[in-house]
Amino acid sequence: MQIREIVLYSWTGKSRRLPLKLNAVNIITGDSATGKTALTDIIDYCLGSGTCDVPRGKITETVAWYALLLQVNEFEVFVARQAPEEGAQSSQRVFIKQGTSVGVPDYAELTPTTNADGLIGLLTRLLAFPDTGNAELQGIPNYSVTLRHAAFFLFQQQDEIISRQRLFHRQGEPFVSNSIRETLPFFLGAITTEDVQVARRINRLKKRIRDTTREVADLEAAADRGGTRARQLLAEAASAGLTGVDASGEDSSGRDALADLRAILALRQNASGRSTEAVMAQLGDAENARQNLLQERDRIRSKSKQAQSSLESIATLLNDRRNFEQEAAEQRSRLAFVQLIPDTGNDECPLCGSHVDGQQEEVDELREHFSSLSRIPQALPSESPRLKALADTLKREIEECQQAIRSNSAQLDAIERASERNRDLALQENAQAAVIGRIDFYLEGVGGDDRLRLLKQELESLRVQLDAAENEVDSELIRDRTLSILSRLNQLMTNWSSQLPIEHSSNPLRFDIKKLQIMLDTPTGPLAMPQIGSGQSWVAYHVLVHMALHEWFAEHDRPVPGFVFFDQPSQVGFPADSEYRDNDAISGDRNTIAETFRFIIETRGRAPEPYQIIIAEHADFDEQWFQDCVREKWRNGKALIPQDW
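Residues numbered from 1 in each chain as written. Predicted model: local features only at pLDDT ≥ 70, side-chain atom pairs only at ≥ 80, totals over all residues. Heavy atoms only, no water.

J.: I'd like to hear about the overall build of the chain, residue by residue, with values.
T.: Summing up its helical and strand segments, the chain has 16 helices and 13 strands in all. Restricting the contact set of the chain to residue pairs at least 6 apart, pairs at least 24 apart contribute 71%. (Helix = DSSP H or I, 4+ residues; strand = E, 2+ residues; numbered from the N terminus. Contact = heavy atoms within 4.5 Å.)

J.: I'd like a rundown of helix 3 (residues 116–126), residues and numbers included.
T.: For helix 3, the set of buried residues is Ala-116, Leu-119, Ile-120, Gly-121, Leu-122, Leu-123 and Thr-124. Where helix 3 begins, the side chain of Asn-115 points an oxygen toward the backbone nitrogen of Asp-117, at a separation of 3.3 Å. Positive phi shows up at Ala-128, right after helix 3, with a value of about 60 degrees. (Buried < 20%, exposed > 50% of the residue type's maximum accessible area, 1.4 Å probe, protein only. Polar contact = N/O pair within 3.5 Å; in protein donor to acceptor, adjacent residues only side chain to side chain.)

J.: Describe the nonpolar core, and please don't skip the residues or the numbers.
T.: Core analysis: the largest hydrophobic core is formed by 120 residues, its most contacted members being Leu-47, Tyr-66, Leu-70 and Phe-511. Dropping the residues within four chain positions of it, Leu-47 is found in contact with Met-1, Leu-68, Leu-70, Leu-119, Ile-120, Leu-123, Leu-147, Arg-148, Leu-154 and Phe-563. Formed by 16 residues, the second largest nonpolar core is a distinct cluster that contains Leu-233, Ala-240, Ile-436 and Tyr-442. (Core = buried A, V, L, I, M, F, W, Y, C linked by side-chain atoms within 4.5 Å.)

J.: If you had to explain the sheet that holds strand 11 (residues 563–567) to someone new, which residues and values would you point to?
T.: Read from one edge of the open sheet, five strands run 7-11-12-3-13, paired in parallel fashion. On the outer flanks of this sheet lie strand 7 (155–156) and strand 13 (630–634), each paired with one strand and no other. In this sheet, strand 13 lies alongside strand 3 (residues 25–30) in parallel orientation, the contact comprising four bridges. Along strand 13, the bridge assignment pairs Ile-27 with Val-630. (Pairing = 2+ DSSP bridges.)

J.: Please provide a residue-by-residue account of the packing of aromatic side chains, values included.
T.: Tallied over the entire structure, the rule returns 16 aromatic pairs. A centroid spacing of 5.7 Å and a plane angle of 75 degrees characterise the contact between Trp-496 and Phe-599, whose relative ring orientation is edge-to-face. Of this pair, Trp-496 sits in helix 13 (residues 475–497) while Phe-599 sits in helix 15 (residues 587–605); the two residues are 103 residues apart in sequence, bridging distant segments of the chain. For the residue pair Trp-496 and Phe-599, the accessibility class agrees, reading buried in each case. One cation-aromatic arrangement involves Arg-558 over Phe-186; the distance from NZ or CZ to the ring centre is 5.7 Å. (Phe/Tyr/Trp six-rings, centres within 6.5 Å; stacked < 30°, edge-to-face > 60°. Lys NZ or Arg CZ within 6 Å of the ring centre and 35° of its normal.)

J.: Could you give me a rundown of the pairing of strand 8 (residues 509–512), with the residues and numbers involved?
T.: One ladder, built from four bridges, connects strand 8 with strand 9 (residues 517–522); its direction is antiparallel. Residue pairing for strand 9: Phe-511 is matched across the bridge by Ile-518. Hairpin connection between strand 8 and strand 9: a loop of four residues separates the two successive antiparallel strands, and Leu-516 in this loop has a positive phi of roughly 55 degrees.

J.: Describe the sheet that holds strand 8, listing the residues and the values that go with them.
T.: Here we have three strands laid out as an open sheet, ordered 8-9-10, and antiparallel in their pairing. The two strands at the open ends of the sheet, each matched to only one other strand, are strand 8 and strand 10 (525–528). Ignoring which end each strand starts from, the neighbouring axes of this sheet average 35 degrees apart. (Axes fitted to C-alpha atoms, helices over the stretch in contact; angles between N-to-C directions.)

J.: Would you mind going over unusual backbone geometry in detail, with residue names and values included?
T.: Positive phi outside glycine occurs at Ala-128, with the angle close to 60 degrees. In this structure, Ala-128 sits in the loop between helix 3 and helix 4 (147–150). Residue classification places Ala-128 among the exposed positions, given a relative accessible area of 56%. One non-glycine residue with positive phi stands out, namely Asn-636, at about 55 degrees. Mapped onto the secondary structure, Asn-636 falls in the segment after strand 13. Overall, the relative accessible area of 80% leaves Asn-636 in the exposed class.

J.: Explain the pattern of salt bridges residue by residue, including any values.
T.: Think of it this way: side chains of opposite charge can pair up when their charged atoms draw near. What the rule picks out here adds up to 21 salt bridges. Notably, a salt bridge pairs Asp-521 with Arg-510, separated by 2.9 Å at the nearest N-O pair. In this pair, Asp-521 sits in strand 9 while Arg-510 sits in strand 8, placing the two residues eleven residues apart along the sequence. Its relative accessible area of 30% is what places Asp-521 among the partly exposed residues. (Salt bridge = Lys/Arg side-chain N within 4 Å of Asp/Glu carboxyl O.)

J.: How would you sum up helix 5 (residues 176–188)? Please name residues and give values.
T.: Helix length check: helix 5 (13 residues) gives 18 Å between terminal C-alpha atoms against 18 Å at 1.5 Å per residue, within 8%. When the local axis directions of helix 5 are compared, the greatest deviation, roughly 30 degrees, occurs at Glu-182, which is followed within four positions by the proline Pro-185. Extensive coverage of helix 5 is indicated by the burial of ten of its 13 residues. When helix 5 is considered as a whole, its buried residues turn out to be Val-176, Ser-177, Ser-179, Ile-180, Thr-183, Leu-184, Pro-185, Phe-186, Phe-187 and Leu-188. The inward-facing, buried residues of helix 5 abut helix 4, helix 13, strand 8 and helix 14 (535–555). Just downstream of helix 5 lies Gly-189, where phi reads positive at about 100 degrees. (Expected span 1.5 Å × (residues − 1). Bend = angle between axes of the 7 residues up to and from the residue.)

J.: Requested: an account of the packing of helix 5 against helix 14, with residues and values cited.
T.: When two helices pack together, their arrangement is given by the angle between the helix axes and the distance between those axes. Running from amino to carboxyl end, helix 5 crosses helix 14 at an angle of 45 degrees, the nearest separation of the two axes being 10 Å. In this view, helix 5 runs oblique relative to helix 14, as classed from their interaxial angle. Contacts between helix 5 and helix 14 involve Leu-184, Phe-187 and Leu-188 on the former and, on the latter, Leu-549, Trp-552 and Phe-553. Considering only residue class, the contact of helix 5 with helix 14 consists of six nonpolar, no polar and no charged. (Parallel < 35°, antiparallel > 145°, perpendicular 65-115°, else oblique. Nonpolar A, V, L, I, M, F, W, Y, C, P; charged D, E, K, R; others polar.)

J.: Summarise the environment of Ser-419; cite the residues concerned and give the values.
T.: As for its placement among the helices and strands, Ser-419 is situated in helix 11 (residues 384–445). A relative accessible area of 7% means that Ser-419 is categorised as buried.

J.: Run through the confidence of the model for the chain, naming residues and quoting values.
T.: With 82% of its residues at a pLDDT of 70 or more, the chain has an overall mean of 83. Ranking the elements of the chain by mean pLDDT puts helix 10 (residues 360–379) last with 61 and strand 1 (residues 2–10) first with 98. (pLDDT = per-residue confidence, 0-100.)

J.: Outline the packing of helix 13 against helix 14, listing residues and values.
T.: Relative to each other, helix 13 and helix 14 sit at 130 degrees, their axes nearing to 10 Å. Looking at the two axes, helix 13 sits oblique to helix 14. Remark: the crossing between helix 13 and helix 14 carries right-handed chirality. Taking contact as the criterion, the partners of Ile-485, Arg-488, Leu-489, Leu-492, Met-493, Trp-496 and Ser-497 in helix 13 are, on helix 14, Leu-544, Val-545, Met-547, Ala-548, Leu-549, Glu-551 and Trp-552. (Left-handed = near helix turned anticlockwise from the far one by under 90°.)

J.: Let's hear about the pairing of strand 3: which residues, and what values?
T.: In terms of burial, strand 3 is a largely internal element, six of the six residues being buried. The side-chain alternation of strand 3 yields two buried faces, one formed by Val-25, Ile-27 and Thr-29 and the other by Asn-26, Ile-28 and Gly-30. Here strand 3 pairs with strand 12 (residues 612–617) via five bridges, running parallel. By the bridge assignment, Ile-28 is partnered in strand 12 with Ala-616.

Encoded structure:
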């Protein structure tokens with residue numbers, strides 16, 4: 001599995017596509033704060049990480065979906081995962097599209113088709129992981145190994161690649177170191193698919209041995225020929241209502257308990273068994289009736305709410321009409337004085353007869369307003385009687401609904417009481433059936449020497465099979481295979497180390513799986529990576545280990561995604577926030593960093609089976625061998641997030 005494209009979608013539907021080459025080194029170079037470091041978090045999130053660790057800022061503010069276009073064997077798989085909502089750490093909304101050629105979908109197509117667990121499960125199956133769950137064999141993980149365990153070997157983030165204490169992604173988190181130790185032999189191939197199958201067969205054999213041993217013990221205990229166990233079962237039968245025989249009475253010791261048990265079993269077997277079926281049928285019918293009544297109650301309540309709403313609307317309408325008429329009456333009362341003013345028809349004052357300019361029009365307007373107010377009662381439609389009649393009808397309808405709900409509730413209560421009785425009967429039937437089963441088993445064992453003999457033979461055969469299976473694979477064999485593979489990888493890394501600026505490069509180098517550390521075997525004794533100076537050496541060891549592992553994974557077709565991501569391996573030679581240029585670097589630093597990049601590019605090119613390397617970098621060397629691997633340069637305003645987002 002490799003990455004064809006990294007794709008981001010904005011909230012406005014725009015897409016940002018970052019294409020990568022398969023089976024090649026891909027370098028994204030650029031200034032600080034352009035989004036390079038976020039690429040590892042984006043990829044990890046799209047591969048099912050439990051949290052979205054993309055740094056908060058422009059990316060999280062503008063991106064709606066994070067996506068990858070993956071090449072998995074001969075298929076393309078497009079995976080998109082929605083950005084977390086505000087305050088959330090991740091999202092369960094995942095879109096997946098797969099086929100021979102699926103391309104990059106439009107934003108409108110991104111509708112959830114699964115969740116994070118479904119995404120992990122699909123990619124795990126596509127990578128052909130065998131299920132190791134419940135293996136119960138020392139050396140093999142007894143949990144299901146998934147894509148998430150492989151992620152420890154895919155990323156070297158900026159603070160990880162320079163660490164002298166930890167080699168792998170998330171190694172410092174709780175329980176991760178143990179997971180790496182347990183799963184690395186599986187990913188290396190020291191634990192084969194056949195080993196897993198044998199381990200699961202061992203698990204099944206052990207379970208059958210436990211079950212058969214228990215059955216043998218039960219049969220041996222049952223063979224008391226009508227003794228204590230028979231009387232115990234008779235007492236259980238009496239308690240369950242299967243018989244009236246008192247197994248604890250004074251004369252119980254003289255009873256033929258076996259005969260009583262056989263009689264109980266015969267009576268039960270002669271019964272038609274329709275009692276339990278009838279009870280279950282009645283429970284089913286009652287549940288159907290209950291559901292119908294609940295639906296009817298919902299319908300009645302809905303009808304009552306509609307009637308209540310209509311009644312409230314009528315009341316509001318009538319109230320508004322009364323308020324309007326009252327307001328009009330008050331206005332008429334305030335303007336009644338206009339009737340006392342004589343109409344002179346000119347500009348003379350109606351009281352003193354003097355000439356007044358422009359007042360006649362105002363008096364006329366007041367008279368007209370008073371007249372219009374007087375006409376309001378006649379203009380209003382006389383709908384009140386009909387509205388009141390409709391209100392009375394709605395009130396009756398509400399009362400009928402309330403009565404229907406009371407009746408409905410009474411029926412539901414009756415059904416519940418009947419169902420409770422039927423459930424009690426069903427429980428009693430189940431209890432009796434359990435006792436009958438024990439009686440049947442006991443009677444089968446009494447005098448069943450043949451069955452006991454056959455079970456013991458089967459038990460012996462199972463133990464022989466278990467011994468043979470455990471001899472096929474054991475923890476020592478897995479350990480020896482792991483050490484053998486690591487020995488070959490150690491030799492490869494030792495040979496490579498002479499091509500890198502590493503202190504003590506003349507000494508043999510080995511990876512210690514228990515300590516998860518690089519060790520150097522010097523003439524004066526072993527040195528662990530924390531004891532070795534130089535940040536450039538620490539970076540080189542990280543590069544060596546991951547390239548050696550991925551070369552092995554690819555060559556042996558192991559179920560690990562075929563890419564590794566290095567974030568800023570040159571940071572030890574330059575300040576993290578500087579803009580790398582050919583003329584910026586001191587000659588020694590530049591040459592050292594260039595050697596590291598040339599090693600990565602040339603060594604991956606010589607690998608027996610191809611895999612993909614992705615590097616996020618500040619450095620930007622002018623040499624052609626470097627520029628051939630550069631996919632994008634994020635400088636002068638160009639970055640992961642376009643400026644128009």
